[in-house]
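# Topology and contacts: notes
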Amino acid sequence: MKKKNHLLQNILKSTTMAGAFTLLALVIMDLTAQGNLHLEDYSLTKSALATLAIGLGFGLPAGVYEKEELTTPQQFTIHMGIGILVMTLATYTAGWLPKTMGAWAITGTILAQTTAALLIWILHYLHQKKLAQKINQQIQQLQK
């Protein structure tokens, strides 16, 4: 039951974060279009489904961190490899890649998304590391 609850928490966190980024992107696009953002060909539906896919793509494989037999670099590679692959495929499927602007724009978009994902991971990792250190200090104080 604990693993199931932890999995649901991972999915909830990742889909919430993906949703927040999608909403922010849509607001920026609307502001850029001066309030005349046109969504056609089911683009809002595609964006919503891509957002859900990205959230699941990062949330589901996050369970790999419970596998103590794997090193942190192995866990990171599995988690982020799957997440970034799903994110890139969802980005392509949703039509978020600027295909008409050429290869550099597409590459830049993928690199920006990957960089954002890595920064989020680093911040989360540092937060978890700090929590672990705090818990370890409390345990040591109790043992005295």
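Residues numbered from 1 in each chain as written. Predicted model: local features only at pLDDT ≥ 70, side-chain atom pairs only at ≥ 80, totals over all residues. Heavy atoms only, no water.

## Re the overall build of the chain
Of the regular secondary structure elements, the chain holds four helices and zero strands. Shown N-terminal to C-terminal, the secondary structure of the chain runs as helices and strands in the order α-α-α-α. Its C-alpha atoms give the chain a radius of gyration of 18 Å, more than 25% over the compact-globule value 15 Å for 144 residues. Projected onto its principal axes, the C-alpha positions of the chain cover 65 × 30 × 30 Å. Evaluated residue by residue, the chain yields a buried proportion of 24% over its 144 residues. In the chain, 64% of the contacts between residues at least 6 apart in sequence involve partners at least 24 apart. Of the roughly 10,600 Å² of accessible surface on the chain, 67% is carried by carbon and sulfur atoms. If you average the places of the 11 positive and of the 6 negative side-chain charges in the chain, the two averages end up 15 Å apart. (Helix = DSSP H or I, 4+ residues; strand = E, 2+ residues; numbered from the N terminus. Rg over C-alpha atoms; globule rule 2.2 N^0.38 Å. Buried < 20%, exposed > 50% of the residue type's maximum accessible area, 1.4 Å probe, protein only. Contact = heavy atoms within 4.5 Å. Areas by Shrake-Rupley, 256 points an atom, 1.4 Å probe, with all protein chains shown as cover. Lys, Arg positive; Asp, Glu negative; His and termini not counted. Charge placed at Lys NZ, Arg CZ, Asp CG, Glu CD.)

## What about helix H3 (residues 72–94)?
For an α-helix the count is 3.6 residues per turn, leaving residues at separations of three or four pointing the same way. In this model, H3 (23 residues) spans 32 Å end to end at C-alpha, consistent with the 33 Å of a helix rising 1.5 Å per residue. For H3, the complete set of buried residues consists of Gln75, His79, Met80, Gly83, Ile84, Met87, Ala90, Thr91 and Ala94. Where H3 is buried, its residues meet helix H2 (43–59) and helix H4 (103–143). Of the residues flanking the end of H3, it is Gly95, one or two places downstream, whose phi is positive at about 85°. (Expected span 1.5 Å × (residues − 1).)

## Re the environment of Gln137
Within the secondary structure, Gln137 sits in helix H4. Considered as a pair, Gln137 and Thr100 are 37 residues apart in the sequence and their alpha carbons are 55 Å apart.

## Structural notes on the side chain of Gln113
In this structure, Gln113 sits in helix H4. Residues within four places of Gln113 in sequence aside, it is in contact with Met87, Thr91 and Trp96.

## A look at unusual backbone geometry
With phi around 55°, Gln34 is a residue other than glycine that occupies positive phi space. Within the secondary structure, Gln34 sits in the loop between helix H1 (2–32) and H2. In this model, Tyr42 sits at a positive phi of 60°, which is unusual for a non-glycine residue. Relative to the elements of secondary structure, Tyr42 occurs in the loop between H1 and H2.

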